[in-house]
Amino acid sequence: MNAKTADPTAPDQGRIVLLTTSHRVAPGLLSWPAWQALRTADRVLCADGAHPQLPYLREAGIRVDEAAPTAEELVDACAGGRTAVVVATGEGEPALTDGLARLAGSGRIRMPELELLPASYDLPGARLLDLVQVMDRIRLLCPWSSQRTHRGLAKYAIEEAYELVEAIEDGDRDELREELGDVLLQVVFHARIAEEDPDAPFSVDDVAGTIVDKLIHRHPHVFGDETAETPEEVRAHWLRTKAAEKQRASVTEGVPLGQPGLALAAKLHSRVRTAHLDVPLPSGEGIGYELLALAARAETEGTDPEAALRAAARTYRDAIRAVEG
């Protein structure tokens, strides 16, 4: 029976199932409704002979025809109550779905039941896999990116971090999302470069595994038997486990000296105060010692001196623009 001259008295026009899968989920890991639809279908079709799902479907005993039917042909295939399952390609079969929509809108034929069946769903964080794949391709094929080194990229990490802070302080949500992506790119880029090290290579999975292990170890009140009811108790857990991990000879170890001066002064004062050390601030002539004292005072009062100075500077900038008219 031809789709254009379908018998309007036909008792059952069948069923078309468009089966979609995520390339971010391992092939063969399909939902139970998807397996049921595949096993009970009269015909299973896929336009892409290299579709990653096909070997697993065939291993499960499902016959898949490598074909790209038109909308009319697919409607014909379902006549008499038959079910056709189309395993969608990555593009989602737009030509087929548009054709089916035109047929349904024409009103000239009785359409089969149409169903979109997601066979696998992206897990939270699945788009990170896309980023890793894109970064790998860029590293291999881009003349600029393929030549970058850790040292050569270092300045960009600093710039992106500052732009992220600015987006946070501006309260711009769209800008915040974009700048978080730029910071994330720096992590993935450095991890991709690290894979090529001849002596001590590591991957982005190693980076993620390291931070996961660290977070679990430093949160015994979440993943272990200890308890913490207040932020202060959480901080105590963190400092205790961190001290056991690092086994540092000085509280100044791990404090980057290349950070902005006010932040450096505040960090050193925080380490001294947290360790309950009696270390008087050095005295001397000049603005540097005055700034050191101000930074220590701000840290004691719970104020980030860098953020406070930036806020004041932004106010100053606005005043300048107001005078400029």
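Predicted model only: the values in this text are computed from it and were never measured. (Residues numbered from 1 in each chain as written. Predicted model: local features only at pLDDT ≥ 70, side-chain atom pairs only at ≥ 80, totals over all residues. Heavy atoms only, no water.)

## Quick look at the overall build of the chain
Summing up its helical and strand segments, the chain has 13 helices and five strands in all. Relative to the globule expectation of 20 Å for 325 residues, the C-alpha radius of gyration of the chain, 31 Å, shows a markedly less compact shape. Seen along its three principal axes, the alpha-carbon backbone of the chain occupies a region of about 100 × 60 × 45 Å. Across the 325 residues in the chain, those meeting the buried criterion constitute 29%. Element-wise, carbon and sulfur atoms account for 57% of the exposed surface of the chain, whose accessible area totals about 20,900 Å². Between the centroid of the 35 positive side chains of the chain and the centroid of its 53 negative side chains there is a distance of 2 Å. (Helix = DSSP H or I, 4+ residues; strand = E, 2+ residues; numbered from the N terminus. Rg over C-alpha atoms; globule rule 2.2 N^0.38 Å. Buried < 20%, exposed > 50% of the residue type's maximum accessible area, 1.4 Å probe, protein only. Areas by Shrake-Rupley, 256 points an atom, 1.4 Å probe, with all protein chains shown as cover. Lys, Arg positive; Asp, Glu negative; His and termini not counted. Charge placed at Lys NZ, Arg CZ, Asp CG, Glu CD.)

## A few points about helix α6 (residues 150-170)
Relative to the 30 Å expected for 21 residues at 1.5 Å per residue, α6 spans 30 Å between its end C-alpha atoms, a close match to the ideal helical length. Here α6 has its buried residues at Leu 153, Glu 160, Leu 164 and Ala 167. Down the axis of α6, the sector holding all buried residues measures 60°, keeping them to one side. In α6, the exposed residues that point more than 90 degrees away from the buried face are Arg 151 and Ile 158. (Expected span 1.5 Å × (residues − 1). Arc of directions from axis to C-beta.)

## Examining the confidence of the model for the chain
Model confidence for the chain is summarised by a mean pLDDT of 90, while 97% of its residues fall at 70 or above. Mean pLDDT values over the elements of the chain span from 80, in helix α10 (residues 231-246), up to 97, in helix α7 (residues 173-194). (pLDDT = per-residue confidence, 0-100.)

## Structural notes on the sheet that holds strand β4 (residues 83-87)
Where strands meet in a sheet, backbone hydrogen bonds hold them as pairs that are either parallel or antiparallel. The sheet built from five strands is open, its strands ordered β3-β2-β4-β1-β5 with parallel pairing. If you trace the sheet from one side to the other, it starts and ends with β3 (65-66) and β5 (113-118), each paired once. Pairing of strand β1 (residues 15-20) with β5 involves six bridges; the strand directions are parallel. Of the residues in β5, the one forming a bridge with Thr 20 is Pro 118. (Pairing = 2+ DSSP bridges.)

## Quick look at the pattern of salt bridges
Any two side chains of opposite charge can pair, given that their charged atoms come close. For the coordinates displayed, the defined rule picks out 17 salt bridges. Connected via shared salt-bridge partners are Arg 24, Asp 122, Arg 127 and Asp 130. (Salt bridge = Lys/Arg side-chain N within 4 Å of Asp/Glu carboxyl O.)

## With respect to α7
A rise of 1.5 Å per residue sets the reference length of α7, with its 22 residues, at 32 Å; its end C-alpha atoms lie 32 Å apart and thus fit the reference within 8%. Where α7 is concerned, the buried positions are Leu 176, Glu 179, Gln 186, Val 188, Phe 189, His 190, Ala 191, Arg 192, Ile 193 and Ala 194. If you follow the buried residues of α7, they end up packed against α5 (127-141), α6 and α8 (204-217). With a side-chain oxygen positioned 3.1 Å from the backbone nitrogen of Asp 174, the residue opening α7 is Asp 172. (Contact = heavy atoms within 4.5 Å. Polar contact = N/O pair within 3.5 Å; in protein donor to acceptor, adjacent residues only side chain to side chain.)

## Some points on the packing of aromatic side chains
By the definition in use, this model includes one aromatic pair. Look at Trp 144 and Tyr 156: their rings are 6.2 Å apart centre to centre, the planes differ by 75°, and that puts the pair in the edge-to-face class. Here Tyr 156 lies in helix α6 and Trp 144 lies in the loop between α5 and α6, a separation of twelve residues in the sequence. Under the relative-accessibility criterion, Trp 144 is labelled partly exposed at 40%. Judged by relative accessible area, Tyr 156 falls into the partly exposed class, the value being 26%. Above the face of the Trp 238 ring, Arg 218 is positioned so that its terminal group lies 4.8 Å from the ring centre. (Phe/Tyr/Trp six-rings, centres within 6.5 Å; stacked < 30°, edge-to-face > 60°. Lys NZ or Arg CZ within 6 Å of the ring centre and 35° of its normal.)

## Some remarks on the nonpolar core
Within the largest apolar cluster, 18 residues are counted, with the highest numbers of intra-cluster contacts made by Leu 19, Leu 38, Val 44, Leu 57 and Val 85. Within the residue set of this core, elements represented by two or more residues are β1, α1 (32-40), β2 (43-46), α2 (54-59) and β4. Of the residues forming this core, the biggest block, four residues, is contributed by α1. Contact partners of Leu 38, with chain neighbours within four places excluded, come to Leu 19, Leu 30, Val 44, Leu 57, Ile 62, Val 85 and Val 87. Ile 16, Leu 18, Ala 71 and Leu 74 belong to the second-largest nonpolar core, a separate cluster that totals 15 residues. (Core = buried A, V, L, I, M, F, W, Y, C linked by side-chain atoms within 4.5 Å.)

## With respect to a nonpolar patch on the surface
Taken together, Ile 211, Val 212, Leu 215, Ile 216, Val 222 and Phe 223 make up a surface patch of nonpolar side chains, about 510 Å² in accessible area. Of all elements in the fold, only α8 and α9 (220-223) reach the threshold of two or more residues within the nonpolar patch. Checked against the element boundaries, Ile 216 lands in helix α8. Take Ile 216: its relative accessible area is 38%, and that puts it in the partly exposed class. (Patch = residues over 30% accessible without salt bridge, like charges linked within 9 Å, V, L, I, M, F, W, Y side chains within 5 Å.)

## Focus on the pairing of β2
Relative to β4, β2 is paired through three bridges, and the arrangement is parallel. From the neighbouring strand, Arg 43 faces β4, where its bridge partner is Ala 84. Where β2 lies against β3, two bridges are found, and the strand directions are parallel. Each residue of the ladder has a partner; that of Leu 45, found in β3, is Asp 65. Once the chain exits β2 it traverses α2 before rejoining the sheet at β3, and the crossover so formed is right-handed. (Right-handed = clockwise from strand over helix to strand, strands pointing away.)

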